[in-house]
Amino acid sequence: YEMVGRAGDPPIVFLHGLGSSTRDWELQTEVFAHRYRCVLLDVRGHGRSDKPAGPYSIPLFADDTAGLMRALGLAGQGQVGKKGSVTGCSARGRV
């Protein structure tokens, strides 16, 4: 994962779509990093993440994402403009 922006700013976790990577969010993070701490992660098997033997699944990606958020102290954060947010594309909101 990578973080862009100032540590004290509210976080936004950016999730890419299936078969993609954090590169999906390059233009958005340039804008949001001025007011938010942008957290970008390549889910398991995608982009620059490890690629262990599968099978991979949406629930596995969700567990990985939740684990990272807990490790970074972001679990239970609120909405954009409040404490933080998660945004994504594809995967039908399942991660």
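Our structure's up above, just so we're on the same page.
The following paragraphs examine the structure supplied in this document. Since the structure is predicted, the reported quantities are computational estimates derived from the model, not experimental observations.

1. Focus on helix α2 (residues 58-71)
Step number 1: When the terminal C-alpha atoms of α2 are compared, their 20 Å separation across 14 residues agrees well with the 20 Å that a helix rising 1.5 Å per residue should span.
Step number 2: Buried within α2 we find Phe 61, Ala 62, Thr 65, Leu 68 and Met 69. Projected down its long axis, α2 shows its buried positions confined to an angular sector of 125°, all on one face. Turned more than 90 degrees away from the buried face of α2, the exposed residues are Pro 59, Asp 63, Arg 70 and Ala 71.
Step number 3: Positive phi appears at Gly 73, one or two residues downstream of α2, with a value of about 75°.

2. Some details on the nonpolar core
Step number 1: Counting nine residues, the largest nonpolar core is built from Val 13, Leu 15, Val 39, Leu 41, Val 43, Phe 61, Leu 68, Met 69 and Leu 74.
Step number 2: Secondary structure elements with two or more residues in this core: β2 (11-15), β3 (37-41) and α2.
Step number 3: At three residues, the largest contribution of residues to this core is made by α2.
Step number 4: Sequence-distant contacts of Leu 68, that is, excluding residues within four places in its chain, are made with Tyr 1 and Leu 41.
Step number 5: In terms of nonpolar packing, the next biggest core, distinct from the first, is built from seven residues, Phe 14, Trp 25, Ala 33 and Leu 40 among them.

3. Remarks on the pairing of β2
Step number 1: For β2, the buried fraction is high: five of the five residues fall into the buried class.
Step number 2: Along β2, one buried face is formed by Pro 11, Val 13 and Leu 15 and the opposite face, lined by Ile 12 and Phe 14, is buried too.
Step number 3: Two strands pair when backbone bridges link them, and β2 and β3 are joined in this way by five bridges, in the parallel orientation. When the sheet's bridge partners are listed, Leu 15 is paired in β3 with Leu 41.
Step number 4: Regarding the hand of the β-α-β motif, the stretch spanning β2, helix α1 (residues 26-32) and β3 is right-handed.

4. A closer look at the packing of aromatic side chains
Step number 1: On inspection of all chains with the given rule, the structure shows four aromatic pairs.
Step number 2: For the ring pair Phe 14 and Trp 25, a centre distance of 5.0 Å and an interplane angle of 50° mean the geometry is tilted. Of the two residues, Phe 14 is situated in strand β2 and Trp 25 in the loop between β2 and α1; the sequence distance between them amounts to eleven residues. There is no split in this pair, since Phe 14 and Trp 25 are both buried.
Step number 3: Here the aromatic rings of Tyr 56 and Phe 61 are separated by 6.2 Å at their centres, their planes lie at 50°, and the arrangement is tilted.
Step number 4: Taking relative accessible area as the criterion, Phe 61 reaches 4% and is therefore assigned buried.
Step number 5: In textbook terms, an aromatic cluster arises when at least three aromatic residues are bridged by ring pairs, as seen for Phe 14, Trp 25, Phe 32 and Tyr 36.

5. Section: the environment of Leu 72
Step number 1: Looking at where Leu 72 falls in the secondary structure, it is placed in the loop between α2 and β4 (85-88).
Step number 2: You can call Leu 72 partly exposed: its relative accessible area is 24%.
Step number 3: Leu 72 sits 33 residues away from Val 39 along the chain, and the two C-alpha atoms are 9.7 Å apart.
Step number 4: Those residues in contact with Leu 72 that sit more than four places away from it in its chain are Tyr 1, Met 3 and Val 39.

Analysis parameters
The residue numbers shown here count from 1 along each chain, following its written sequence. Restriction of local features to residues with pLDDT of at least 70 applies here, the model being predicted, together with a cutoff of 80 or more for giving and counting side-chain atom pairs; totals for whole chains, interfaces and linings are based on all residues. Excluding hydrogens and water, the side-chain figures rest on all heavy atoms present in the structure. Numbering goes from the N terminus for both helices and strands, where a helix is a DSSP run of H or I of at least four residues and a strand is a run of E of at least two. Each residue after the first adds 1.5 Å to the expected span of a helix. Only protein chains enter the accessibility calculation, which uses a 1.4 Å probe; a residue is then buried when its area is under 20% of its type maximum, exposed when over 50%, and partly exposed in between. Comment: arc refers to directions from the helix axis out to C-beta atoms. Side-chain atoms within 4.5 Å link the members of a nonpolar core, which is a set of buried Ala, Val, Leu, Ile, Met, Phe, Trp, Tyr and Cys residues. We call two residues in contact whenever any of their non-hydrogen atoms come within 4.5 Å of each other. Strands are treated as partners if at least two bridges between them are detected by DSSP. If the strands point away from the viewer and the path from the first strand over the helix to the second runs clockwise, then the crossover is right-handed. Here a Phe, Tyr or Trp ring, Trp counted by its six-membered ring, pairs with any other such ring whose centre lies within 6.5 Å, and the pair is stacked when the planes are under 30 degrees apart, edge-to-face when over 60, and tilted otherwise.

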